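Listed here are the chains, written in short residue letters.
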Amino acid sequence: MKVGLVGLGRMGTDIAKRLVNGGHEVFVWGRSDKVFKNAEEVGARGTTDMQEFFNQLPSPRIIWLMVTSDAVDEVLQKTMPYLSKGDIVVDGGNSFFKDSIRRASELKDKGINFLDVGTSGGIEGEEIGYCIMVGGEKEIFHKIEPILQKIATKDGYGYVGKSGAGHFAKMVHNGIEYGMMESIGEGAAMLKNSQFDFDLREVFRIYSAKSIIDSRLVSWTLNELRENPDLSGISSIIGSGGSGEKIVGEGHWTVQTAKEMGIDVPAIEAAVRVRDSSDKDSESSPSGFRNKVVAAMRWQFGQHPVKKDKPKENE
């Protein structure tokens, strides 16, 4: 199949590679001339000309967006003059599910199909594939299945419901992720600051050997501890978004939506609150170490930027 891709960031690039390696043709649109070089590196073809981009794709066109949530409406506005009835627009980024419902409705009025696709996998996704949650019309989901099969890990994709469901499922996934990472960070801080002289590398090695809490998150923590036992150079400022900055994102959306539903989510809410206030924790405090563990995990699975410790005054 031929796929039009907008957004060659870290995850967009890896998805393009998997599609090309899976035998699909990928055409990439970008604003700057960098798109030519970046596309060529993954075996795709790039252009800065929107008309040329659409001309390369057979009807009905499949346009896959891998841009930040705040850029989706702008990209849709740019592509709208070139879209035709029956075309399929896929939003594979982390958009708020209510925005996806709105976009699906607006595009449907123009005869254009829209799928909201929650995508999880981090930097390992390029090699092992992604976990994919699809919302929208089931008939359209089936039309893009050959693409999903090449992007996803084995048995790692599925149709989860009507428009908005894919991004809702991914939002909850990320809310759970916040809570799990926070609990691991808290436990590590308790171990480090206890009366016992624990080697955290040894404790987490045991945790990773089929214990009840054995998980990819625990393993990623172990990886970082092995490389950097004291987590030196990693800041206690955690960050929330892909940029590492404090932004309103999936964790905040999860808490907001849970409140609207009348569901208490104290663990996720506390994890979000810790991230939002992490810039107030001293680097050398027990809470600061807790935050470093979470920041280190974010680096391990997604290479999210890790703010460096400020140098001490006497250095």
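Draft legend 1. Here's a closer look at the overall build of the protein chain. From N to C terminus, the protein chain includes 14 helices and eight strands. In terms of overall dimensions, the protein chain is globule-like: its C-alpha atoms have a radius of gyration of 21 Å, near the 20 Å expected for 315 residues. Referenced to the eigenvectors of the C-alpha coordinate spread, the extents of the protein chain come out at roughly 65 × 45 × 40 Å. Buried residues in the protein chain amount to 50% of all 315 residues. In the protein chain, once contacts between residues fewer than 6 apart in sequence are set aside, the share between residues at least 24 apart is 66%. In the structure as shown, the protein chain presents an accessible area of about 15500 Å², 51% of it carried by carbon and sulfur atoms. Across the protein chain, 40 positive and 45 negative side-chain charges occur, with their mean positions spaced 2 Å apart.

Draft legend 2. Focus on helix H12 (residues 250-261). The end-to-end C-alpha distance of H12 is 16 Å, a good match for the 16 Å that twelve residues give at a rise of 1.5 Å each. What H12 keeps buried is the set Glu250, Gly251, His252, Trp253, Thr254, Val255, Thr257 and Ala258.

Draft legend 3. Structural context of unusual backbone geometry. That bond from Ser59 to Pro60 is cis: its omega, -5°, falls within 30 degrees of zero. Examined against the element boundaries, Pro60 turns out to sit in the loop between helix H3 (50-55) and strand S4 (62-65). The phi dihedral of Lys210 is positive, around 70°, even though this residue is not glycine. Take Lys210: it is sitting in the loop between helix H10 (200-207) and helix H11 (216-227). We classify Lys210 as exposed; its relative accessible area is 75%. Even without glycine at this site, Leu231 takes up a positive phi of about 55°. Among the secondary structure elements, Leu231 is positioned in the loop between H11 and H12. Among the residues examined, Leu231 registers a relative accessible area of 2% and is labelled buried.

Draft legend 4. How the structure looks around the packing of aromatic side chains. One pass over the full model with this rule turns up ten aromatic pairs. Ring geometry for Phe141 versus Tyr159: centroids 5.6 Å apart, planes at 45°, classification tilted. Residue Phe141 is found in helix H7 (residues 138-143), and its partner Tyr159 is found in strand S8 (residues 152-161); the two are separated by 18 residues along the sequence. Judged by its relative accessible area of 5%, Phe141 is buried. On the basis of relative accessible area, Tyr159 is assigned to the partly exposed category, the value being 27%. Relative to Tyr207, the ring of Phe204 lies with its centre 5.2 Å away and its plane at 65°, an arrangement referred to as edge-to-face. Of this pair, Phe204 and Tyr207 are both found in helix H10, three residues apart, which corresponds to roughly one turn of the helix. Of the residues examined, Phe204 reaches a relative accessible area of 2% and is grouped as buried. Grouped by ring-pair contacts, the aromatic residues Phe96, Phe97, Phe168 and Trp253 constitute a single cluster. In this structure, Lys192 is placed above the aromatic ring of Phe289, and the distance from its NZ or CZ to the ring centre is 4.9 Å.

Draft legend 5. Just the pairing of strand S6 (residues 113-120), in detail. In terms of burial, S6 is largely enclosed, as eight of its eight residues are buried. In this sheet, S6 lies alongside strand S5 (residues 88-91) in parallel orientation, the contact comprising four bridges. Along S6, the bridge assignment pairs Val89 with Phe114. Read from S5 through helix H5 (residues 97-108) to S6, the crossover connection turns out right-handed. Across five bridges, the pairing between S6 and strand S7 (residues 130-135) is antiparallel. Directly across from Val117, in S7, lies its bridge partner Val134.

Draft legend 6. Here's a closer look at the nonpolar core. Within the largest apolar cluster, 29 residues are counted, with the highest numbers of intra-cluster contacts made by Trp64 and Ile144. Excluding its chain neighbours within four sequence positions, the residues that come into contact with Ile144 are Ile62, Trp64, Ile88, Val90 and Leu115. Counting residues in hydrophobic clusters, the runner-up holds 24 residues, among them Ala188, Leu225, Ile234 and Val294.

Draft legend 7. How the structure looks around the pairing of S4. By the alternation rule, side chains of S4 split into Ile62 and Trp64 and Ile63 and Leu65, which are all buried. Of the pairings in the sheet, the one linking strand S1 (residues 2-6) to S4 comprises three bridges and is parallel in character. Looking at S4, one finds that Leu5 is bridged to Trp64. Alignment of S4 against S5, held across four bridges, turns out to be parallel. Bridging across to S5, Leu65 finds its partner in Asp91. Between the parallel pair S4 and S5, the chain is carried across by helix H4 (residues 72-79), and the sense of this crossover is right-handed.

Cut-offs applied
- Residues numbered from 1 in each chain as written.
- Predicted model: local features only at pLDDT ≥ 70, side-chain atom pairs only at ≥ 80, totals over all residues.
- Heavy atoms only, no water.
- Helix = DSSP H or I, 4+ residues; strand = E, 2+ residues; numbered from the N terminus.
- Rg over C-alpha atoms; globule rule 2.2 N^0.38 Å.
- Buried < 20%, exposed > 50% of the residue type's maximum accessible area, 1.4 Å probe, protein only.
- Contact = heavy atoms within 4.5 Å.
- Areas by Shrake-Rupley, 256 points an atom, 1.4 Å probe, with all protein chains shown as cover.
- Lys, Arg positive; Asp, Glu negative; His and termini not counted.
- Charge placed at Lys NZ, Arg CZ, Asp CG, Glu CD.
- Expected span 1.5 Å × (residues − 1).
- Phe/Tyr/Trp six-rings, centres within 6.5 Å; stacked < 30°, edge-to-face > 60°.
- Lys NZ or Arg CZ within 6 Å of the ring centre and 35° of its normal.
- Pairing = 2+ DSSP bridges.
- Right-handed = clockwise from strand over helix to strand, strands pointing away.
- Core = buried A, V, L, I, M, F, W, Y, C linked by side-chain atoms within 4.5 Å.

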